[in-house]
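This is what each chain is made of:
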Amino acid sequence: MMLIFASPVSYKSCFSVCWLNSRWLKTYWKSCLLLTFCPFPLLCVTAVEEVKLKDTQYTLEHMRAFGMYNYLHLDPWYEDSVLFVDCKGRVLGLSVTLDTALGKPREVYRMAPDSSPCEDRLCASLSLTSATWAALSDGTGRLYLLRTGKRGDGSHAKWEPLFSEDLGEPFTLLHSVSHVQAGVHTVELLLLRIQKDPQETKGSGYSVALEWITVANTAEQGQEKKYEVKKSRVLRGKSVPHYAAVVPQGKGLMVASEKPFAFTHVDGHPVERQQPEPMEVEKTDPIYFWQQTADDITVCVRTPEGVTKEEVQFRLSVDNIAIGVQGFPPLLEGQMYASVDPEASAWIIKDDKSLEVTLQKRSEGPMWPELVMGDRRGECVMSDEQAALIHERLTHLTSEDMNGNPDKDKPPCNSQELEDCDGFPEDSSSLTHFDAESLKPTQVVNLGSHQYLFTVDVNPSEMPCLCLRHDVDALVWQPRPDQPGNMWEHIATFNALGYVQASKRDKKFATCAPNFSYATLCECLRRAFIYRQPSPVETVLFNRKQGRQVGEVAKQQVASLDSDKPILGFRATNERLYVLTSSNLFVLKVNNN
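Residues numbered from 1 in each chain as written. Predicted model: local features only at pLDDT ≥ 70, side-chain atom pairs only at ≥ 80, totals over all residues. Heavy atoms only, no water.

### Observations concerning the overall build of the protein chain
So, point 1. The secondary structure content of the protein chain amounts to 4 helices and 42 strands.
So, point 2. Across the 593 residues of the protein chain, 44% fall into the buried class.
So, point 3. Partitioning the contacts of the protein chain with sequence separation of at least 6, the portion at a separation of at least 24 is 54%.
So, point 4. As displayed, the protein chain offers around 32600 Å² of accessible surface, 50% of which is attributable to carbon and sulfur atoms. (Helix = DSSP H or I, 4+ residues; strand = E, 2+ residues; numbered from the N terminus. Buried < 20%, exposed > 50% of the residue type's maximum accessible area, 1.4 Å probe, protein only. Contact = heavy atoms within 4.5 Å. Areas by Shrake-Rupley, 256 points an atom, 1.4 Å probe, with all protein chains shown as cover.)

### Things to note about the sheet that holds strand β30 (residues 452–456)
So, point 1. Pairing within the open sheet is antiparallel, and its 4 strands lie in the order β30-β31-β32-β33. In this open sheet, the two edge strands, each paired with only one partner strand, are β30 and β33 (488–494). Between one strand axis and the next, the sheet turns through 30° on average, direction left out of account.
So, point 2. Both strand β32 (residues 473–479) and β33 contribute to a ladder of 6 bridges, which runs antiparallel. Across the sheet, residue P479 finds its bridge partner in β33, namely W488. (Pairing = 2+ DSSP bridges. Axes fitted to C-alpha atoms, helices over the stretch in contact; angles between N-to-C directions.)

### Some thoughts on the side chain of S127
So, point 1. For S127, the location among the structural elements is in strand β8 (residues 125–128).
So, point 2. Looking at S127, its side chain comes within polar contact range of the side chain of S176, at 2.6 Å.
So, point 3. Beyond its immediate stretch of four places on either side in the chain, S127 contacts A134, A135, L173, H175 and S176. (Polar contact = N/O pair within 3.5 Å; in protein donor to acceptor, adjacent residues only side chain to side chain.)

### Here's the deal with the sheet that holds strand β35 (residues 518–523)
So, point 1. The strand order β34-β35-β36-β39 describes an open sheet built from 4 strands, whose pairing is antiparallel. Lying at the two open borders of the sheet, with one neighbouring strand each, are β34 (507–512) and β39 (556–560). Strand-to-strand, the axes of this sheet are offset by a mean angle of 15°, without reference to chain direction.
So, point 2. Two elements, β34 and β35, share 5 bridges in a ladder whose sense is antiparallel. Following the sheet pairing, A510 is matched in β35 by L521.

### Some remarks on the environment of A209
So, point 1. Looking at the element boundaries, A209 is found in strand β14 (residues 206–217).
So, point 2. In contact with A209, not counting residues within four places along its chain, are L191, L192, R193, Q195, V234, L235 and R236.

### Thoughts on a nonpolar patch on the surface
So, point 1. Taken together, the side chains of L60, M63 and M68 present a nonpolar region at the surface, about 260 Å² in accessible area.
So, point 2. Inspection of the secondary structure puts L60 in helix α2 (residues 60–67). (Patch = residues over 30% accessible without salt bridge, like charges linked within 9 Å, V, L, I, M, F, W, Y side chains within 5 Å. Salt bridge = Lys/Arg side-chain N within 4 Å of Asp/Glu carboxyl O.)

### A look at the packing of aromatic side chains
To describe a pair of aromatic rings, you give the distance between the ring centres and the angle between the ring planes.
So, point 1. Evaluated as defined, the whole model comprises 7 aromatic pairs.
So, point 2. Between Y69 and Y71, the ring centres sit 5.7 Å apart and the planes meet at 80°, which makes this aromatic pair edge-to-face.
So, point 3. Since its relative accessible area comes to 8%, Y71 is described here as buried.
So, point 4. A cation over an aromatic ring shows up here: R233 above the ring of W212, its NZ or CZ 3.9 Å from the ring centre.
So, point 5. Cation over ring: K504 sits above F529, and NZ or CZ is 4.1 Å from the ring centre. (Phe/Tyr/Trp six-rings, centres within 6.5 Å; stacked < 30°, edge-to-face > 60°. Lys NZ or Arg CZ within 6 Å of the ring centre and 35° of its normal.)

### Some thoughts on the pattern of salt bridges
So, point 1. A full pass over the atoms with the stated rule returns 18 salt bridges.
So, point 2. The closest approach of N and O atoms between E160 and R147, which form a salt bridge, is 2.7 Å. With a gap of 13 residues between them, E160 in strand β11 (residues 160–166) and R147 in strand β10 (residues 142–147) connect regions that are remote in the sequence.
So, point 3. Given a relative accessible area of 36%, E160 falls into the partly exposed group.
So, point 4. With a closest N to O distance of 3.9 Å, R315 and E333 form a salt bridge. Separated by 18 residues along the polypeptide, R315 in strand β22 (residues 312–316) and E333 in strand β24 (residues 332–335) bring together distant segments of the chain.
So, point 5. A residue is classified by how much of its surface remains accessible, and R315, at 53% relative accessible area, is exposed.
So, point 6. In this structure E333 comes out as partly exposed when scored by relative accessible area, which is 45%.
So, point 7. Because the salt bridges share partners, they merge into one network encompassing D86, R90, E107 and R110.

### What to know about the side chain of R233
So, point 1. Residue placement: R233 occurs in strand β15 (residues 227–237).
So, point 2. Residue R233 is classed as buried on the basis of its relative accessible area of 4%.
So, point 3. What R233 contacts, discounting residues up to four positions off in sequence, is E188, L210, E211, W212, I213, T214, F263, H265, V266 and L439.

### With respect to α2
So, point 1. Within the span of α2, buried status applies to E61, H62, A65 and F66. For α2, the angular spread of the buried residues around the axis is 100°, confining them to a single face.
So, point 2. Contacts made by the buried residues of α2 are with β12 (172–181), β13 (184–196) and β14. (Arc of directions from axis to C-beta.)

See the structure below:
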């Protein structure tokens, strides 16, 4: 393993700590020089708008939803551009001009100052809807829909607001997509709120609400564009979703969460839930009773009262039995569990209303779990001697002590010996696809102990990918809503990342490059970790324990920021890593072209 620390003060102020000889050091030093910093001071412009949680926002869900918000936004259509909102309500954009050189921040939009202060105000959130559209929330409950034009190629055009409306309680924007439906430009947006819930009496008193709204251009052709909310759908759950995104063309919704979500309102009206009718289970008395010993079986079959032996239809072979009464369906028929001796078996009529059959087992000793295979119309009656025998055989598996532990000095498992990275979430998460028309889940995948790690935009024309922990590795999954038979496709793997990230107690953000060349995570303060995919080594390297030659080595790099401010934003491209604090934007050159 090699640890590399880079300083933002100088491009070449890097040193390495490694356990290799000088020959190996030359190889690793080349990669060390690729990790360079360029800090861009923001104080000369304005500070990043960091909104801290209020005393009323005390729950874990508030922290997950708003306390861990990523203030830095990467433009997936133009990777060299990043955006953030400052404390003056301005959306500022910066573009990379050289390897790690940033241009001057440019104001692309300024929100109107709020005359009435909001006590539960949240941080402003931004979602880049398409290559020419964006959605913006001011953190007080107002939503803006902005026409940006083409944002790349050094464009300095101001964004044009075409929709602005107060939607009630404060929210953050999770995701948005733009599409044209029947010639009408439509934008689908997903909003997140944490709301007080009077029905939540056992928990924190809050519930999580996802609002999926559709904004469309209602102006006729040739007229000035006019956007209005056409539809609003609300889902509720008890945990903040790890992943939530609208399916392209607004055909559905995908949600990954620890607790299930369900639609509760559409356009303000409650969703009528059809209660499933209880299944009526017809309780019938057993047609026959049977009892067994190690040698034989006794069967008592109920028959119509007054039946005669001439009316009894009885057939018995080594493996099959058939019992019936003339004029009635068979009472018992089929293959027996084991073989019997027909010559030693017999039947008699008892009390003119039952037929008693005695079957002699061919193999003495084994007990039968059933008389006729697959027949559940009978009941096995256990004798007192059999019940006492079973109880005696199970005695060694039971204890009168509720917490019996005869070997207290050597417990079978000590949870304190487990590392943090060996643990899994207590709740079982699920990934659900909701249909836009029926509002019902069409596919639900139980994620089990596959811990959610991060979300990343790989292709802006597709849904965001999600990364899950599988054992010690991290696997990236691409949603494919247009392929119902294979709705989630595995597209990349980061070896051992699941184990490594779990050991980082101060981890705040995690992501990866869109081409999966590296994964990265950062702590709350100062440090960022880069985990590269395995690459071929230039010289011969052997594993000392196994004695085999190693053809590839995965390198880890650690970068230390020259800042004592908390990290507020963290984004990665194929070539660069962006780290945002309240006063600086750091750019790390990770890969060459």
